[in-house]
Amino acid sequence: MSSPRASLASNKGSTAAYGAIPTHDGICCTEDSVRESSNFGRNKLIVAIFVCTLFCVVEAVGGYLSNSLAIFTDACHMLTDVVGYLIQLAGIIIARRRSTTRMAYGWHRAEVLGSLMSVFTIWITSGIISYLAVMRIINKSFEIEANTMIITASIGILLNIVIGVILAYNVDANASQNISIRSAFIHVVGDLVQSFGVLVAALIIRFKPTWVYADPICSFLFAVITLFTTFNILHSTISILMEGAPREVDTNAIRDELLDVPGVADVHSLRVHSLTTDVNAITVHVLADGKAKGDLLEIVRDAIQRCYDFEYMTVQIEGLSPFTTPLLEH
């Protein structure tokens, strides 16, 4: 991930600013590396959409022929995957829109919102599957074609592995952090687990025809398991939307690094947040004591970049005066 291009702007009161946020103050932006990551995620999702749509049709036919709730609900789950991928793809495309004076950080959060909606589709699908499974157990009136189940489930396992490999293949370290890809991968993991469940149920029914309840029971269990797989991605999306600091960023380490810079008397108003999982921003105010050797703004910028690589950075240099005193935080 490339470092932001430096741009300096002077402010009143012996202050200076450095940043990578496109505003009317002339602070410039670097979005090329972010766009490369978005293209990477977009291409993966397009392939996943094509494969999932194809198999969704296969499973729907297989579920109808075998009268298997497990296969039919897996087909429904695959359909919600396609919808989820489309939502995430739309989020990535919107997120690629350039920053404006009104949207200073661009549209990166659209990708996060798309992932959040995708998680909700998994919840809805899991609820429907669980309800249908319980109703089938209560009604006790169904017959299962085990051989068709086995064939369809085996194809499902193979295709989910293929999709998982496509999404997990890491040719770019930053793209592997992409929240849309992580969310899509959660979908695939859920599908793969459910396909294994369908295969297990099919084998049980094949060799023990009276154990037809294995079909709805497996549907219910794996719907619940899939639901729990969404909690991590949900936590990440909520943290981003609530302006939480990224897990991998230690703000105390950044503060200590800046306080060790000659010429820095104090650091305050240090804020770090994520626009999406692979795009972070930082703002900080640095109180100068006038003893810096060289351009303090550039030195501070380099000190921050030694800790972490931020796509958006704003640094405010403040000079000591009779009316200012070092403060730890405002």
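Residues numbered from 1 in each chain as written. Predicted model: local features only at pLDDT ≥ 70, side-chain atom pairs only at ≥ 80, totals over all residues. Heavy atoms only, no water.

1. Digging into the packing of helix α2 (residues 69-95) against helix α4 (residues 146-168)
The N-to-C vectors of α2 and α4 enclose an angle of 25°; their axes lie 11 Å apart at closest approach. Here α4 runs roughly parallel to α2, going by the angle between their axes. Read as a crossing pair, α2 and α4 show a hand that is left-handed. When α2 is examined against α4, the residues I71, M78 and Y85 are found in contact with a partner set consisting of T148, M149, T152, N160 and I163. Residue classes in the contact of α2 with α4 are distributed as 5 nonpolar, 3 polar and no charged. (Axes fitted to C-alpha atoms, helices over the stretch in contact; angles between N-to-C directions. Helix = DSSP H or I, 4+ residues; strand = E, 2+ residues; numbered from the N terminus. Parallel < 35°, antiparallel > 145°, perpendicular 65-115°, else oblique. Left-handed = near helix turned anticlockwise from the far one by under 90°. Contact = heavy atoms within 4.5 Å. Nonpolar A, V, L, I, M, F, W, Y, C, P; charged D, E, K, R; others polar.)

2. Describing the pairing of strand β4 (residues 279-288)
In terms of residue burial, β4 counts as a mostly covered element, since 8 of its 10 residues are buried. The turn joining strand β3 (residues 264-276) and β4, which pair antiparallel and follow one another in sequence, is formed by 2 residues. (Buried < 20%, exposed > 50% of the residue type's maximum accessible area, 1.4 Å probe, protein only. Pairing = 2+ DSSP bridges.)

3. A look at a nonpolar patch on the surface
Together, V134, I137, I138, Y213, I217, F220 and L221 give the surface a local cluster of nonpolar side chains, amounting to about 570 Å² of exposed area. For the nonpolar patch, the elements supplying multiple residues, two or more each, are α3 (109-139) and α6 (214-228). On the secondary structure map, I217 appears in helix α6. (Patch = residues over 30% accessible without salt bridge, like charges linked within 9 Å, V, L, I, M, F, W, Y side chains within 5 Å. Areas by Shrake-Rupley, 256 points an atom, 1.4 Å probe, with all protein chains shown as cover. Salt bridge = Lys/Arg side-chain N within 4 Å of Asp/Glu carboxyl O.)

4. Considerations on helix α7 (residues 231-241)
Given 3.6 residues to a turn, an α-helix orients residues that are three or four positions apart in the same direction. Looking only at α7, the buried set comprises I233, L234, S236, T237 and I240. Take α7 and look down its axis: the buried residues cluster within an arc of 160°, on one side only. One or two residues past the end of α7 sits E243, with phi positive at roughly 65°. (Arc of directions from axis to C-beta.)

5. Some points on unusual backbone geometry
In this structure, E243 takes a positive phi of about 65° despite not being glycine. By relative accessible area, which is 42% here, E243 ends up partly exposed. Of note in the backbone geometry, S269 takes a positive phi value of approximately 55° without being a glycine.

6. Describing α3
Taking 1.5 Å per residue, 31 residues should reach 45 Å; α3 reaches 46 Å between its end C-alpha atoms and fits that length. Immediately downstream of α3, the backbone of K140 shows phi near 55°, a positive value. (Expected span 1.5 Å × (residues − 1).)

7. Thoughts on the nonpolar core
In this structure, I254, L258, V300, I304 and V315 are the most contacted members of the largest nonpolar core, which totals 21 residues. Taken together, the elements giving at least two residues each to this core come down to α8 (251-259), β3, β4, α9 (296-307) and β5 (312-319). It is α9 that provides the largest number of residues to this core, a total of 5 residues. Not counting residues within four places of it along the chain, the set of residues in contact with L258 comprises V264, V267, V284, V286, V300, A303 and I304. (Core = buried A, V, L, I, M, F, W, Y, C linked by side-chain atoms within 4.5 Å.)

8. A short note on the packing of α2 against α6
It is the contact of α2 with α6, at a shortest axis distance of 8 Å, that shows an interaxial angle of 30°. By the angle between their axes, α2 is roughly parallel relative to α6. Of the residues in α6, those touching α2 at L69, A70, T73 and H77 are D215, P216, S219 and T226. Within the contact of α2 with α6, the residues separate by chemical class into 3 nonpolar, 4 polar and 1 charged.

9. Regarding the packing of aromatic side chains
The tally for this structure, following the rule as stated, stands at 3 aromatic pairs. Consider the rings of F228 and F231, whose centres lie 5.2 Å apart with planes at 75°: the pair is edge-to-face. Taking 6.2 Å as the distance between ring centres and 70° as the angle between the ring planes, the aromatic pair formed by Y308 and F310 counts as edge-to-face. The buried category is assigned to F310, whose relative accessible area is 1%. The ring of F207 has R206 sitting right over it, with the charged end atom 5.7 Å from the ring centre. (Phe/Tyr/Trp six-rings, centres within 6.5 Å; stacked < 30°, edge-to-face > 60°. Lys NZ or Arg CZ within 6 Å of the ring centre and 35° of its normal.)

None of this, on its own, says anything about what the molecule does.
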